[in-house]
Amino acid sequence: MSETVNSDINVGSKQTESAETHNSTSSHNQSSNQSSRVSAQENASSNTNQMERSLTKRHVQFIAIGGTIGTGLFLGSGKSISLTGPSIVFVYIIVGLIMFLLMRGIGELMYKDPNQHTFISFITRYLGRGWGNFAGWSYWFVLVLIGMSEITAVSTYCVTFFQTFDIDVSHWKWLIEVVFLAALVCINLVAVKLFGETEFWFSMIKITLIVALIVTAVVMALIGYHYSATPLHGGVMSPAGHAGLDNIFNNFSLMPNGWLSFLMSFQMVFYAYQLIEFVGVTVSETKNPRQVLPKAVNEIIVRVLVFYVGALIAIMLIVPWQQFKATNAEGVFMSPFIMVFQYAGLHWASALVFFVVITAASSALNSLLYSAGRHMYQIALESPSPLLGKLRKVSRTKVPARAILFSSALILLSPIINSIPGIHGAFILFASASSAVIIMIYILIMVTHRKYRESADFMPDGFVMPHYKLLNSLTIAFFAFVYVTLFISDDTRASAIGGLVWLVLFGGYCALHQHWQNRDLAEALGK
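Here's what I pulled together on the structure shown here. (Residues numbered from 1 in each chain as written. Predicted model: local features only at pLDDT ≥ 70, side-chain atom pairs only at ≥ 80, totals over all residues. Heavy atoms only, no water.)

**Remarks on the packing of aromatic side chains**
Consideration 1: This structure, assessed with the given rule, holds 32 aromatic pairs.
Consideration 2: Summarising the aromatic geometry, the rings of Phe266 and Phe481 are spaced 5.5 Å apart at their centres and angled 80° between planes, so their arrangement reads as edge-to-face. Residue Phe266 is found in helix α11 (residues 259-272), and its partner Phe481 is found in helix α20 (residues 468-485); the two are separated by 215 residues along the sequence. (Phe/Tyr/Trp six-rings, centres within 6.5 Å; stacked < 30°, edge-to-face > 60°. Helix = DSSP H or I, 4+ residues; strand = E, 2+ residues; numbered from the N terminus.)

**Section: the pattern of salt bridges**
Consideration 1: What the rule picks out here adds up to five salt bridges.
Consideration 2: Salt-bridge contacts for Glu285 lead to Arg374; the nearest nitrogen and oxygen are separated by 2.8 Å. Of this pair, Glu285 sits in the loop between α11 and α12 (289-298) while Arg374 sits in helix α15 (residues 349-382), and the two are 89 residues apart along the sequence.
Consideration 3: Since its relative accessible area comes to 0%, Glu285 is described here as buried.
Consideration 4: Given the relative accessible area of 0%, Arg374 is considered buried.
Consideration 5: A salt bridge links Asp490 to Arg493; the shortest N-O distance between them is 2.6 Å. Separated by three residues within a single helix, Asp490 and Arg493 lie in helix α21 (residues 490-526), roughly one turn from each other.
Consideration 6: Judged by its relative accessible area of 62%, Asp490 is exposed.
Consideration 7: Of the residues examined, Arg493 reaches a relative accessible area of 29% and is grouped as partly exposed. (Salt bridge = Lys/Arg side-chain N within 4 Å of Asp/Glu carboxyl O. Buried < 20%, exposed > 50% of the residue type's maximum accessible area, 1.4 Å probe, protein only.)

**Regarding the nonpolar core**
Consideration 1: Core analysis: the biggest nonpolar cluster contains 156 residues, and Ile318, Phe337 and Phe479 have the highest contact counts within it.
Consideration 2: In terms of residue count, the dominant contributor to this core is α15 (19 residues).
Consideration 3: Setting aside chain neighbours within four positions, we find Phe337 in contact with Leu73, Phe74, Leu209, Ile210, Leu213, Ala311, Ile315 and Val353. (Core = buried A, V, L, I, M, F, W, Y, C linked by side-chain atoms within 4.5 Å. Contact = heavy atoms within 4.5 Å.)

Shown next as structure tokens:
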């Protein structure tokens, strides 16, 4: 199916180029010819695309923001700061730059063929069907596992939110999960434009809180604000202090807790950026994708600097980095956002932050349903299986409804899994291994990008990554480095081992299966 689509696009492109060669002898200049070629290629591509291109530039930009900002910033940044102090800012910048290079690679591939529903398709095209099957199924499986974790997180955050008002809804966690999942599935089934609007408002809520934090911190620092000892959520008492740059630079050290903690901070920050690539899945349903995609990708680095780096600096202006410590034996850290707003005298901040965290988790789950549905749809398109063929159906609203429902049905198993101790333990093991598998997928994408640049398909006037040999290799080396850091900590070592086991077993199966198919085909042709 993928090869047929590509053939159609190439035929359309050649016809367009032929027409343009004739027109170029007239009054049109070189730049207008290029614009016409891009427009014609998009039209040829859309003729083979059953999805509706109704996502606008505004939708894609805010979907990209939503994919960049997750619950990790609101709840997990305290632990990141505790690992390595103010130098965590440099770690966020370094990892952000690498993820930007990943997005440039994905962006160049999707720009070449904006008809693909997922960037995983290019792995099949340039590395072979064996690696394509491994990447496609692994990525979809990871999305489902993360979806299970997110729906559990949504119910947990809802319980905490209502606890701030002394309301106990802990007995209704399962119902909260079912209601949230049902609502988000409906949003995904109605129309892709509704999904885009929902993500727009989810992102607006997250952005508003981050901007409010930065403004609050700057004002407090400028006026030399002093705060008294403050009781925080959970009965924790924070010492008195003040706002100022000295909170960042006093006793500054690049690695205050040693080089191991500094290295571990890279993996933690890496997972904060996880699923930043989601914007690449929206290309086949975006209006004028070759105009929108480059802008959305190039703006990622600005969002990283403003929202992540800006928020971290704002937090450390108010709270001395030495004060970030676990609040209990389980290693739970207080949300820095809650701390800053409560120091400012906004004692209802806990409820506000947890409301935004619920929004962030809902946004992540909404995006996961969208992405998982499109990836399963693409798998079904490329599979010869009659059973999977049933998932190729596109609804009247131009969405892969059956693939979305199938993926969401598996995510709905989360409440059942969490209630059975033995199964829950196995789920935790699989979920942790999925984090390592994501790194493998990223490496495969960058290898695919290199293969594309060296192939006859390369589009020199496309969304080209500059100095691709150097930057591509640098990105792959960094992902390999992050994977190695997983072996440092007891908390992540099982994830690293589980990922390697998955690569050997499932990757080996996919490679052997493709080898056998190629052999059978060769024998059939020989006869």
